[in-house]
Amino acid sequence: MTTALREPLRDLANQCSLPAALEAMGERWSFLILRGSFNGLSHFEEFQSELGIARNILANRLSRLVGHGILERRAVESDRRKIEYRLTEKGYALLPTMVALRQWGERWETGVAATPVLVDARDRRPVQPVAVRSHDGRVLGKGDLLWSLPEDVAG
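Residues numbered from 1 in each chain as written. Predicted model: local features only at pLDDT ≥ 70, side-chain atom pairs only at ≥ 80, totals over all residues. Heavy atoms only, no water.

A.B. asks: Can you tell me about the pattern of salt bridges, naming the residues and giving the values?
C.D. replies: This structure, assessed with the given rule, holds eight salt bridges. The residue glutamate 84 makes a salt bridge to arginine 86 at a minimum N-O spacing of 3.2 Å. By relative accessible area, glutamate 84 is classed as buried at 11%. Here aspartate 136 and arginine 138 are joined by a salt bridge, their closest N and O atoms 3.0 Å apart. Linked by salt bridges that have partners in common, Glu72, Arg74, Glu84 and Arg86 make up one network. (Salt bridge = Lys/Arg side-chain N within 4 Å of Asp/Glu carboxyl O. Buried < 20%, exposed > 50% of the residue type's maximum accessible area, 1.4 Å probe, protein only.)

A.B. asks: How would you summarise the pairing of strand β3 (residues 79–87) if you had to cite specific residues and measurements?
C.D. replies: The pairing of strand β2 (residues 71–76) with β3 spans six bridges and is classified as antiparallel. Looking at β3, one finds that alanine 75 is bridged to isoleucine 83. Between the end of β2 and the start of β3, which pair antiparallel, lie two residues. (Pairing = 2+ DSSP bridges. Helix = DSSP H or I, 4+ residues; strand = E, 2+ residues; numbered from the N terminus.)

A.B. asks: Please give an account of the nonpolar core that cites residues and values.
C.D. replies: The nonpolar side chains of a soluble globular protein tend to be buried, and buried together. With 19 residues, the main nonpolar core has Ile33, Leu34, Phe47, Leu58, Leu62, Ile70 and Leu71 as its most contacted residues. Looking at this core, the elements that each hand over two or more residues are α2 (18–25), α3 (28–38), α4 (44–51), α5 (55–67) and β3. The contact partners of leucine 71, leaving out residues within four places of it in the chain, are Ile33, Ser37, Leu62, Leu65, Val66, Tyr85, Arg86, Leu87 and Thr88. (Core = buried A, V, L, I, M, F, W, Y, C linked by side-chain atoms within 4.5 Å. Contact = heavy atoms within 4.5 Å.)

A.B. asks: Residue-level account of unusual backbone geometry, with values.
C.D. replies: In this structure, proline 116 follows threonine 115 across a cis peptide bond, with omega equal to 0°. Structurally, proline 116 is set in the loop between α7 (95–110) and β4 (146–147). The phi torsion at arginine 124 lies on the positive side, around 60°, for a residue other than glycine. Within the secondary structure, arginine 124 sits in the loop between α7 and β4.

A.B. asks: Quick one: what's the story with the side chain of threonine 88, residue by residue and with numbers?
C.D. replies: Relative to the elements of secondary structure, threonine 88 occurs in the loop between β3 and α6 (89–92). Since its relative accessible area comes to 16%, threonine 88 is described here as buried. When sequence neighbours within four positions are dropped, the list of residues in contact with threonine 88 reads Gly69, Ile70, Leu71 and Glu72.

What follows is the structure, given as structure tokens:
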């Protein structure tokens, strides 16, 4: 990716949203909790059992995800003493990121397709690789991208 901007990264920290996104998500446990949420887990005990995560770490990560508005914490209707954690709209918006990270890991880290396979519910065919696309839908590669100031972006 080429750039017309040459400021040091530390000068861009207040303008770039990547550090804020990383702060919200934290580290691997947060991503695994999010994966569990996408797969229907919603109770503390389910997360703890499925992930094998220490209770104090799980409580901390759930609190962080709730604090950032990625999950919401609410009482279960049938038993107000029980709490469930549900994805918010902001949390659901992380789906493309989660799929892209999984696909990247399959290609570059493990070298094998993950199980289970992520498929389209309509026809049960595997989803396509997540890609960066232009405004007209073209898949863009690293040579097709550059950073631009807002005032230089075409309308």
